[in-house]
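# Structure at a glance
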Amino acid sequence: MKIDDLIQLLNNRLKEFQLSRDYARMSGDLESMNAADKEIISLGDTLFKLNLLVDTTKSAAVKDDVLAE
């Protein structure tokens, strides 16, 4: 699986948890809100790390191209 595909899947899951948190807030379910917040924070951290990996890979590819020239 490509990293970009994984990022897209995690972004979709993040949106689902954000909606879940919003529904829990509307219904006043504090326990569900806290659980959704934990997942949102965890997914955000994972997405940040994956995006950092993608950026590092892209910059390494550019550096190789520049050195080749």
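Everything here concerns the structure above.
Quantities reported herein were computed from a predicted structural model and do not represent experimental measurements.

Right, let's get into the overall build of the protein chain. The helix and strand tally for the protein chain stands at two helices and zero strands. In the protein chain, which comprises 69 residues, the share counted as buried stands at 17%. Considering only contacts in the protein chain between residues 6 or more positions apart, those separated by 24 or more positions represent 61%. Only carbon and sulfur atoms are counted for the fraction: they give 57% of the accessible area of the protein chain, which is about 5,500 Å².

Before going further, it helps to spend a moment on the nonpolar core. Ile7, Leu10, Leu14, Ile40, Leu43, Leu47, Leu50 and Val54 form the largest nonpolar core, which has eight residues in total. Taken together, the elements giving at least two residues each to this core come down to helix 1 (3-27) and helix 2 (30-68). With five residues, the single largest contributor to this core is helix 2. Excluding residues that lie within four positions of it along the chain, Leu10 makes contacts with Leu43, Thr46, Leu47 and Leu50.

Glancing now at the pattern of salt bridges. Inspection of the entire model under this criterion finds three salt bridges. For the salt bridge of Asp37 with Arg21, the shortest nitrogen-to-oxygen distance reads 3.2 Å. Here Asp37 is found in helix 2, whereas its partner Arg21 is found in helix 1, with 16 residues between them in sequence.

Bringing helix 1 into the picture now. Taking 1.5 Å as the rise per residue, helix 1 with 25 residues should run 36 Å; its terminal C-alpha atoms sit 36 Å apart, in good agreement. Of all the positions in helix 1, only Ile7, Leu10, Leu14, Arg21 and Ala24 are classed as buried. In the segment just after helix 1, Gly28 is the residue with positive phi, at about 80°.

Inspection of the secondary structure assignment puts Phe17 in helix 1. Filtering out sequence-adjacent residues up to four positions away, Phe17 remains in contact with Ala36, Glu39, Ile40 and Leu43.

As for its position among the elements, Leu43 is in helix 2. In this structure, the C-alpha to C-alpha distance between Leu43 and Leu10, residues 33 residues apart in sequence, is 6.9 Å. Beyond its immediate chain neighbours, meaning those up to four positions away, Leu43 contacts Leu10, Arg13, Leu14 and Phe17.

How each quantity is defined
Residues numbered from 1 in each chain as written. Predicted model: local features only at pLDDT ≥ 70, side-chain atom pairs only at ≥ 80, totals over all residues. Heavy atoms only, no water. Helix = DSSP H or I, 4+ residues; strand = E, 2+ residues; numbered from the N terminus. Buried < 20%, exposed > 50% of the residue type's maximum accessible area, 1.4 Å probe, protein only. Contact = heavy atoms within 4.5 Å. Areas by Shrake-Rupley, 256 points an atom, 1.4 Å probe, with all protein chains shown as cover. Core = buried A, V, L, I, M, F, W, Y, C linked by side-chain atoms within 4.5 Å. Salt bridge = Lys/Arg side-chain N within 4 Å of Asp/Glu carboxyl O. Expected span 1.5 Å × (residues − 1).

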